[in-house]
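The chain contents come next:
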Amino acid sequence: MLAMLQPVRSILWSVALLLLGNGLINTLLTLRGTDEGFSSTVVGVIMSAYFVGFTCGTWVSSRLIRRAGHIRAFAFCAALCASGALLHIIFVDPWVWIVLRFFYGLAFVTLMTVIESWLNGQAASHERGRVFATYMLVNLGAIAAAQQILRLDTPGGFLLFAVTAILISWALLPITMTRRQQPTVPENAKSSLKALLGFAPLCVAASVLSGLAMGAFWGMAPLYARQLGWSAADVGMLMSVTILGGALLQLPIGRFSDKHDRSQVMTWVVIVAAALAALMPFAPNQTALMGLFFLWGGFSFAIYPLAVAQLIDQLHPEEVVAASADMLVTQGAGSALAPILAGILMGALGPQALPLYIAAVLALLGAYALYRRRHVSDLLQGHAHFEPMTQTSPLSLEMMFDDSQPDLFDDPSFYEEHERYRLVEAYRQRE
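Residues numbered from 1 in each chain as written. Predicted model: local features only at pLDDT ≥ 70, side-chain atom pairs only at ≥ 80, totals over all residues. Heavy atoms only, no water.

Applying the stated criterion across every chain yields a total of two salt bridges. Two residues, D35 and R226, come together in a salt bridge whose shortest N-O distance is 3.1 Å. Pair noted here: D35 is in helix 2 (residues 9–35) and R226 is in helix 10 (residues 201–227), with a separation of 191 residues, a long-range link. (Salt bridge = Lys/Arg side-chain N within 4 Å of Asp/Glu carboxyl O. Helix = DSSP H or I, 4+ residues; strand = E, 2+ residues; numbered from the N terminus.)

On to the environment of A82, then. Tracing the backbone through its elements, the reader meets A82 in helix 4 (residues 70–90). Taking the C-alpha atoms as reference points, A82 and V163, separated by 81 residues in sequence, lie 9.7 Å from one another. Once residues within four sequence positions are removed from consideration, A82 is found in contact with A165, I168 and S169. (Contact = heavy atoms within 4.5 Å.)

A separate point is the nonpolar core. By size, the foremost hydrophobic cluster in this structure holds 123 residues, and its most contacted members are L18, F108, I115, W296, L354, I358 and L362. Of all the elements, helix 10 adds the most residues to this core, at 15 residues. Those residues in contact with W296 that lie beyond four places of it in its chain are M214, F217, T242, A273, L276, A277, M280, F301, I358 and L362. (Core = buried A, V, L, I, M, F, W, Y, C linked by side-chain atoms within 4.5 Å. Buried < 20%, exposed > 50% of the residue type's maximum accessible area, 1.4 Å probe, protein only.)

Turning next to the packing of helix 2 against helix 7 (residues 159–170). Contact pair helix 2 / helix 7: the axes reach a minimum separation of 8 Å and the direction vectors enclose 155 degrees. Judged by the inter-axis angle, helix 2 sits roughly antiparallel to helix 7. At the point where helix 2 passes helix 7, the crossing takes the left-handed sense. Contacts between helix 2 and helix 7 involve L17, L18, L20, G21, L24, I25, L28, L29 and R32 from the former and L160, F161, V163, T164, L167, I168 and W170 from the latter. Residue composition of the contact of helix 2 with helix 7, by class: 13 nonpolar, two polar and one charged. (Axes fitted to C-alpha atoms, helices over the stretch in contact; angles between N-to-C directions. Parallel < 35°, antiparallel > 145°, perpendicular 65-115°, else oblique. Left-handed = near helix turned anticlockwise from the far one by under 90°. Nonpolar A, V, L, I, M, F, W, Y, C, P; charged D, E, K, R; others polar.)

Take the environment of A232 next. Within the secondary structure, A232 sits in helix 11 (residues 232–259). Looking at A232, the relative accessible area reads 11%, which means it is buried. For the pair formed by A232 and L152, sequence separation is 80 residues and the distance between their alpha carbons is 10.0 Å. What A232 contacts, discounting residues up to four positions off in sequence, is L31, L150, P155 and R226.

Structural data, given as structure tokens:
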């Protein structure tokens with residue numbers, strides 16, 4: 001394992017430092033905005049601006065990297081993110097923060113694209129699956145650990161913003177000192193969203209609605225806990241516990257879906273996540289609420305990767321990267337809208353509107369999944385392996401495939417026996 005990770009060790013160090021800084025600033029800004037008297041709606045708009053920038057960045061990141069090269073593009077965007085973190089404390093104004101969050105998201109997705117294209121280039125084809133799993137472990141672990149840095153100072157001080165800038169700046173060190181050859185960046189994949197809506201609408205719906213739920217959590221959960229009277233340290237613990245639940249439970253849920261009907265597994269995962277969110281307003285104490293968030297994180301973090309795995313079940317290999325890019329954009333669109341909707345509801349109904357909003361969104365997805373199971377037959381072609389995922393760049397999907405393994409799609413005679421295959425092919429030709 002150590003030998004396998006040796007070529008990508010410096011990249012993983014950069015990932016850890018970058019995600020420590022990013023995980024800290026995302027929570028910190030919500031807490032500082034609340035302390036400054038920003039309304040729930042305004043905080044929601046500020047948090048949404050990040051997701052808007054992140055989604056827009058998926059279209060421009062590859063162009064920037066091809067123009068400047070990996071290291072210079074990484075340095076350019078890391079400088080933007082680090083300086084942006086400090087500008088938040090210099091200009092404490094919601095309109096300035098909205099602009100800063102947009103450009104921060106734009107730069108951050110470029111940083112992730114650099115990292116993931118480099119991981120793709122350095123990892124051997126038969127080791128990409130394990131490299132991807134390690135990358136996701138570092139990703140979630142760093143975000144969870146970042147929440148505990150909140151204990152160093154109050155959100156009203158300068159220290160935490162400085163720590164964020166330092167961590168993002170330090171992420172430059174391993175990558176800029178590497179002697180590894182820079183990889184090539186592929187052209188942006190052609191959109192296939194119209195086709196996906198035709199033969200995989202449940203996957204697209206799961207992407208959008210999971211974004212509406214998870215975007216509300218990432219953007220508004222610190223505000224929710226703060227309005228309940230929790231300290232900054234307790235807010236950090238709540239975020240860490242939820243992320244830890246997602247890290248620990250996501251993989252066993254996914255592996256279970258590999259061996260059973262994936263659409264049925266996803267349906268029940270969504271329903272359980274909705275039920276857990278609906279129970280949160282009735283938690284008798286802080287410990288019970290954290291327990292509910294831990295379980296909710298385990299189930300809700302699995303929804304998007306389950307949708308991606310089910311989508312891959314219905315695709316040819318050459319279609320996966322384009323489809324994953326569309327899934328990321330649809331999830332980003334949901335994530336961008338979520339904090340605004342949740343913020344408006346919290347401003348009108350109070351903090352408990354957040355878990356009730358999340359429960360309603362997931363219940364809607366669960367109802368649609370049940371409808372699909374009862375009335376529509378999904379057009380499945382194969383059975384892909386589940387991999388844990390977070391919101392990242394489209395290039396991450398390339399690491400999920402192990403080229404040494406037999407291809408699910410190598411034997412056309414297998415599919416030609418099935419009416420579903422002919423329906424899928426007819427739809428693709430019509431498109």
